[in-house]
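Chains, contacts and geometry: an overview
Here's the letter readout for the chains.
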Amino acid sequence: MNALERGDDLGALLLGLAIAFVYGCIHAFGPGHEKFVIISYFLGRESLVIREVVVSAQVAVVHVIAAVVFVWLADAVLKAGF
């Protein structure tokens with residue numbers, strides 16, 4: 001974490017990104033990630049696989065952006081409070 005904060009070690013950055021990616025993949029299998037909604041949407045109509053992939057990617061991107069904003073806000077509130 002110190003190497004990441006200093007920004008002088010590319011290996012630390014790559015390791016951090018790899019850990020975050022693996023955690024994200026495992027985390028996505030948990031409940032509340034709209035898998036059921038997406039599957040139901042596409043089972044109810046004819047659709048191309050590429051459209052399904054695009055919509056799934058859009059949901060994933062919005063989920064990540066929301067998580068980043070939530071953590072950023074929580075960090076700002078906690079820093080202001082302490």
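Reference entry: report on the structure contained in this document. (Residues numbered from 1 in each chain as written. Predicted model: local features only at pLDDT ≥ 70, side-chain atom pairs only at ≥ 80, totals over all residues. Heavy atoms only, no water.)

A word on the overall build of the protein
Note the cut-off: Put simply, DSSP H or I for four residues or longer makes a helix, DSSP E for two residues or longer makes a strand, and each gets a number counted from the N terminus. When we talk radius of gyration, it's over C-alpha atoms, and the globule rule is simply 2.2 Å times the number of residues to the 0.38. Between buried and exposed lies partly exposed: a residue is buried under 20% and exposed over 50% of the maximum accessible area for its type, with that area taken using a 1.4 Å probe on protein chains only. Only four residue types enter the tally: Lys and Arg on the positive side, Asp and Glu on the negative side; His and the chain ends are excluded. In this description, the location of a charge corresponds to atom NZ of lysine, CZ of arginine, CG of aspartate or CD of glutamate.
Helix and strand content of the protein: four helices and zero strands. Overall, the protein shows an N-to-C arrangement of helices and strands of α-α-α-α. By the compact-globule yardstick of 12 Å for 82 residues, the protein is too spread out, its C-alpha radius of gyration being 17 Å. Principal axes of the C-alpha set define a box for the protein whose edges measure 50 × 35 × 20 Å. Out of the 82 residues belonging to the protein, those deemed buried represent 7%. The positive charge centre, built from 5 side chains, and the negative charge centre, built from 7, are 6 Å apart in the protein.

Side note on a nonpolar patch on the surface
Threshold: Patch definition: residues with relative accessible area over 30% and no salt bridge; like charges joined within 9 Å; nonpolar side chains (Val, Leu, Ile, Met, Phe, Trp, Tyr) joined within 5 Å. In short, Shrake-Rupley with a 1.4 Å probe defines the accessible areas, and a residue's cover is counted only from the protein chains shown. Whenever a carboxyl oxygen of Asp or Glu lies within 4 Å of a side-chain nitrogen of Lys or Arg, that contact is scored as a salt bridge.
On the surface, Met1, Leu4, Leu10, Leu13, Leu14 and Leu17 cluster together into a nonpolar patch covering about 640 Å² of accessible area. For the nonpolar patch, the element with the most residues is helix 2 (residues 10–27), which contributes four residues.

Some words on helix 2
Threshold: Multiply 1.5 Å by the residue count of a helix minus one, and that product is the helix's expected span. We call two N or O atoms a polar contact when they sit within 3.5 Å, provided that within protein one can donate a hydrogen and the other can accept it, with sequence-adjacent residues counted only if both atoms are side-chain atoms.
For helix 2, with 18 residues, the first-to-last C-alpha span of 25 Å sits near the 26 Å given by 1.5 Å per residue. N-capping of helix 2 is provided by Asp9, with a side-chain oxygen placed 3.2 Å from the backbone N of Gly11.

Comments concerning the packing of aromatic side chains
As a reminder, the rule being used: Only centres within 6.5 Å qualify two rings of Phe, Tyr or Trp (six-membered ring in Trp) as a pair; their planes then separate them into stacked at under 30 degrees, edge-to-face at over 60, and tilted for everything else.
Applying the stated criterion to the full structure yields one aromatic pair. Ring geometry for Tyr41 and Phe42: centres 4.9 Å apart, planes at 80°, overall edge-to-face. On the accessibility criterion, Tyr41 (35% relative accessible area) is partly exposed.

Considering the pattern of salt bridges
Working definition: two side chains of opposite charge can pair if their charged atoms are close together. Under the defined criterion, the tally for this structure stands at one salt bridge. With its nearest N and O atoms 3.4 Å apart, the salt bridge here joins Asp75 to Lys79. Separated by four residues within a single helix, Asp75 and Lys79 lie in helix 4 (residues 49–81), roughly one turn from each other. Taking relative accessible area as the criterion, Lys79 reaches 61% and is therefore assigned exposed.

As for the packing of helix 3 (residues 35–43) against helix 4
Basically, it comes down to this: To obtain an axis, a line is fitted to C-alpha atoms, over the contacting stretch when the element is a helix, and the angle between two such axes runs from 0 to 180 degrees between their N-to-C directions. Each angle receives one of four descriptions, namely roughly parallel if under 35 degrees, roughly antiparallel if over 145, roughly perpendicular if within 65 to 115, and oblique otherwise. Each crossing gets its hand from how the near helix is turned against the far one by less than a right angle, where anticlockwise is left-handed and clockwise is right-handed. Working rule for contacts: check all heavy atoms of both residues, and any pair within 4.5 Å makes them a contact. Note that Gly is not counted as nonpolar here; it falls among the polar residues with everything else outside the nonpolar set of Ala, Val, Leu, Ile, Met, Phe, Trp, Tyr, Cys and Pro and the charged set of Asp, Glu, Lys and Arg.
Two elements in contact, helix 3 and helix 4, have axes separated by 11 Å at closest approach and are oriented at 155°. On the basis of their axis angle, the class for helix 3 and helix 4 is roughly antiparallel. Judged by the sense of rotation from one axis to the other, the crossing of helix 3 with helix 4 is right-handed. Contacts from Ile38, Tyr41 and Phe42 of helix 3 reach helix 4 at Arg51, Glu52, Val55, Ser56 and Val59. Residue classes in the contact of helix 3 with helix 4 are distributed as five nonpolar, one polar and two charged.

The analysis is restricted to geometry; functional conclusions fall outside its scope.
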